[in-house]
Amino acid sequence: MRRMIDDGIEPGVLSFGAVIDVFAKAGKVNSAQAWFEEMLRFGVRPDTVIFNALINACAKVSDPDKAEFWLMQMKEANVMPDEKTYNSVINACAKLGLVDRAEHWFGQMVQNGIKLDTIGFAAVIHACAKVGDVDRAEKWFMEMRRNRIAPNLVCFNTMLHACAQKGDSYTAEVWFRKLRSMGFEPNKISFNSLLNASVKQGNIPQVQHWLEMMVCSGIHPDGVTFWTLARAFSPPGVDVDSRTGDSQVLACSAIIEAYSKAGDLDGARYWVDQRTRARRDGGTTLESPVDPTPSDARQPTRAREPSQYVARPWLGAPEVALPEPCADACADSYAAGAVAGCYPGAPSQPPAPPAAWL
């Protein structure tokens, strides 16, 4: 762009818009604003696309004040906002959990006759989820349905996040079942929220249940998963919230002990390797293999009565009271989860879980 100007070629709104958009998508608000001012010096009138890029840049860096400022500037320039404009402002508020402000701008969008869409509703729900206000989030989800707007997986995951923030594992499970009933497949974000909700409530059997289902669904744990597991199974007094790398080491240690107690030495060796990598790389490059189950993982020889399994609500199995959240609990009660139909949509022959997870 600079060379274009130096060569005496006057850029138009499309050229300036392209440059502003690049900086905006990178979250470089100051650079985007600088080019906006350069554009005004050339006498080029900004359009909706350029203002939307600036507002979206503010949303990316969680700056609702600047987002609102640019919306006001947009109106003063007699440029009409659209749904993308308001959605970006709402998103900026949502990232800081500013529910009242998010709802205010949603109301402004309705009053101005702007078309409502899934993105706008998801942003307001996100604002509620940020502060763990499950009831308010549910209200907006129902409002979306009343407006005949179909929710997507992001909306359901945001509801799960709201439950996780509150530590409400029961409601999280209800929303998980709704997610499945709508034909969506849960992803890593879904399961991490379910795990987080159960950890916050101190429900260790349920933590094990969701981890089992996550693995049987072919979804591999990531850094967030390990961090959550470390909070569940680390010894009392160990602060894992501020030590991301160590959280993976702690989680691997708990699983190693589980394999060892089940007599699965190959499985234990596999997780020892994972723990070594976590220690070596500070927890940043922990491997997620195609199949996290050791190739020769075997079923345990000990028999278990049905009443000993971790609770599965859709099977009606009773919940088990487990000891303190430590490696012993992990070893004693990880559920098998390879039972056909153990959750809605389960494959008829799901993959075998690690032997230690029985």
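Because the structure is predicted, anything quoted here is derived from the model rather than measured.

### So, the environment of His209
The topology assignment puts His209 in helix α13 (residues 204-216). Taking the C-alpha atoms as reference points, His209 and Ser198, 11 residues apart in sequence, are found 9.8 Å from one another.

### A look at the UniProt feature "repeat: PPR" (unreviewed entry) in the protein
UniProt tags residues 12-46, 47-81, 82-116, 117-151, 152-186 and 187-221 as "repeat: PPR" (unreviewed entry). Helix makes up 71% of residues 82-116 and strand 0%, whereas the separation of the span's terminal C-alpha atoms amounts to 10 Å.

### Some words on the pattern of salt bridges
The final tally for this structure, using the stated rule, is nine salt bridges. Note that Asp21 is salt-bridged to Lys25, the shortest N-O span being 3.3 Å. With Asp21 and Lys25 both in helix α2 (residues 13-25) and four residues apart, this pair spans about one turn of that helix. A salt bridge links Arg41 to Glu38; the nearest nitrogen and oxygen atoms lie 2.4 Å apart. In this pair, Arg41 and Glu38 both sit in helix α3 (residues 29-41), three residues apart, roughly one turn of the helix. What makes Arg41 exposed here is its relative accessible area of 60%. Under the relative-accessibility criterion, Glu38 is labelled buried at 10%. Each of the salt bridges in this network shares a partner with another, and the network as a whole consists of Asp100, Glu103, Arg136 and Lys139.

### Quick look at the confidence of the model for the protein
Regions with low pLDDT should not have their predicted coordinates read in detail. Taken over all residues, the pLDDT of the protein has a mean of 74, while the share at 70 or more is 66%. Long-range and interchain partners of residues 283-358, a stretch whose pLDDT sits below 50, account for 162 contacts in this model, where long-range means more than four residues apart.

So, how was this worked out
- Residues numbered from 1 in each chain as written.
- Predicted model: local features only at pLDDT ≥ 70, side-chain atom pairs only at ≥ 80, totals over all residues.
- Heavy atoms only, no water.
- Helix = DSSP H or I, 4+ residues; strand = E, 2+ residues; numbered from the N terminus.
- UniProt positions renumbered as here; feature names shortened; annotations may be inferred.
- Salt bridge = Lys/Arg side-chain N within 4 Å of Asp/Glu carboxyl O.
- Buried < 20%, exposed > 50% of the residue type's maximum accessible area, 1.4 Å probe, protein only.
- pLDDT = per-residue confidence, 0-100.
- Contact = heavy atoms within 4.5 Å.

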